[in-house]
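Tertiary structure, described
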Amino acid sequence: GIVIAILAGVPGINWIDAAVQKWAESSNPFYEGPYADVLSLLPFAVITFLLYRVAMERWLVNKKS
């Protein structure tokens, strides 16, 4: 998110955004099509799993006491 904000807010570096856009259109299979949302879903799934594991570990430790 920070990188995107920098690319959007700093004048004179639009060529970086254009280069990334061109690369994504030609090389990224998840850029368009039926599986385009999978790429953005993966980080949220990982964070959800990690938060669940931490919560369950703390809950089990407190339950044993």
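As the structure is a computational prediction, the values presented were derived from the model and not from experiment. (Residues numbered from 1 in each chain as written. Predicted model: local features only at pLDDT ≥ 70, side-chain atom pairs only at ≥ 80, totals over all residues. Heavy atoms only, no water.)

Some details on the overall build of the protein chain
- Check the secondary structure of the protein chain and you find three helices and zero strands.
- Listed N to C, the secondary structure of the protein chain is α-α-α in terms of helices and strands.
- By the compact-globule yardstick of 11 Å for 65 residues, the protein chain is too spread out, its C-alpha radius of gyration being 19 Å.
- Placing the 5 positive and 5 negative side-chain charges of the protein chain at their respective mean positions leaves the two points 23 Å apart. (Helix = DSSP H or I, 4+ residues; strand = E, 2+ residues; numbered from the N terminus. Rg over C-alpha atoms; globule rule 2.2 N^0.38 Å. Lys, Arg positive; Asp, Glu negative; His and termini not counted. Charge placed at Lys NZ, Arg CZ, Asp CG, Glu CD.)

Some details on the confidence of the model for the protein chain
- For the protein chain, mean pLDDT is 82; residues scoring 70 or higher make up 97% of the total.
- Highest mean pLDDT in the protein chain belongs to helix α3 (residues 36-64) (85); lowest belongs to helix α1 (residues 2-9) (78). (pLDDT = per-residue confidence, 0-100.)

A short note on the environment of Ala36
- Within the secondary structure layout, Ala36 lies in helix α3.
- On the basis of relative accessible area, Ala36 is assigned to the partly exposed category, the value being 24%.
- For the pair Ala36 and Val46, spaced ten residues apart in the sequence, the C-alpha separation amounts to 17 Å.
- For Ala36, the contacting residues outside a window of four places in its chain are Phe30 and Tyr31. (Buried < 20%, exposed > 50% of the residue type's maximum accessible area, 1.4 Å probe, protein only. Contact = heavy atoms within 4.5 Å.)

Things to note about the environment of Leu41
- Examined against the element boundaries, Leu41 turns out to sit in helix α3.
- You can call Leu41 exposed: its relative accessible area is 54%.

Description of a nonpolar patch on the surface
- Together, Phe30, Tyr35, Val38, Leu39 and Leu42 line one region of the surface with nonpolar side chains, adding up to about 460 Å² of accessible area.
- Counting through the fold element by element, Leu42 comes out in helix α3.
- We classify Leu42 as partly exposed; its relative accessible area is 49%. (Patch = residues over 30% accessible without salt bridge, like charges linked within 9 Å, V, L, I, M, F, W, Y side chains within 5 Å. Areas by Shrake-Rupley, 256 points an atom, 1.4 Å probe, with all protein chains shown as cover. Salt bridge = Lys/Arg side-chain N within 4 Å of Asp/Glu carboxyl O.)

As for the environment of Leu7
- Topologically, Leu7 is positioned in helix α1.
- Residues Leu7 and Asp17, spaced ten residues apart in sequence, show a C-alpha to C-alpha distance of 6.4 Å.
- The contact partners of Leu7, leaving out residues within four places of it in the chain, are Ile13, Asn14, Ile16 and Asp17.

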